[in-house]
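# Working through the structure, step by step
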Amino acid sequence: MDRIFVSYRRSDAGGYARNLVNDLRRRFGNQVFQDVERSRPGDQFKAQIARVLARCDVVVVVIGPDWLARDEHGRRRLDDPDDLLRQEIATALRRDDVAVLPVLVGGAPQPLRTDLPVDLKPLLESTTYRLDEGMQRQGQLDFLVRTIREHIDARSALPAALA
């Protein structure tokens, strides 16, 4: 079961996301969803993403230095309501029972509230975490893994407590 969904923009943080997914899989096994590995030719991509987002416990939003970049027409992709990254994050933010963890990589600055479309502004109500490369990465990763595990354990404990 996909309990951890990693949301990222390939052109911004694809390599960082790949490293993070590999690290998370070492800790959580096949509970980590990354779109490029699970989508096959002919799959209904948006429906697949919606299904995973409906059942996951944690959404890790990987924010790289070009997360707010503009496309070849000078428009920010994030401003497009049909942008898949925006849809992923907005879907996760509408769920009260999922932890949405913004993670800054590659020296990315935290976006400002004024930088985000209205449906993504709640992302900044969550504590943003930084995952750097270099010597400090392992400690930061260990902390992030503990945080994810706590969210998964808390969500798993809820049905047991209600039973």
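What you are looking at is a predicted structure, and each value in this text was computed from that prediction instead of being measured.

Here we take up the pairing of strand 3 (residues 58-63). Residues in a regular strand project their side chains so that they alternate between the two faces of the sheet. With respect to burial, strand 3 is a largely interior element, 6 of its 6 residues being buried. Because side chains alternate across strand 3, one face comprises the buried residues Val58, Val60 and Val62, and the other comprises Val59, Val61 and Ile63, equally buried. Where strand 1 (residues 4-7) meets strand 3, 4 bridges bridge the pair, whose relative direction is parallel. The partner of Ser7 across the bridge, within strand 3, is Val61. In this structure, strand 3 lies alongside strand 4 (residues 99-104), joined through 6 bridges in parallel fashion. Opposite Val62, over in strand 4, you have Val103 as the bridge partner. Once you follow strand 3 into helix 4 (residues 84-94) and on to strand 4, the crossover reads as right-handed.

Conventions and cut-offs
- Residues numbered from 1 in each chain as written.
- Predicted model: local features only at pLDDT ≥ 70, side-chain atom pairs only at ≥ 80, totals over all residues.
- Heavy atoms only, no water.
- Buried < 20%, exposed > 50% of the residue type's maximum accessible area, 1.4 Å probe, protein only.
- Helix = DSSP H or I, 4+ residues; strand = E, 2+ residues; numbered from the N terminus.
- Pairing = 2+ DSSP bridges.
- Right-handed = clockwise from strand over helix to strand, strands pointing away.

Limitation: the analysis is restricted to geometry and does not speak to function.
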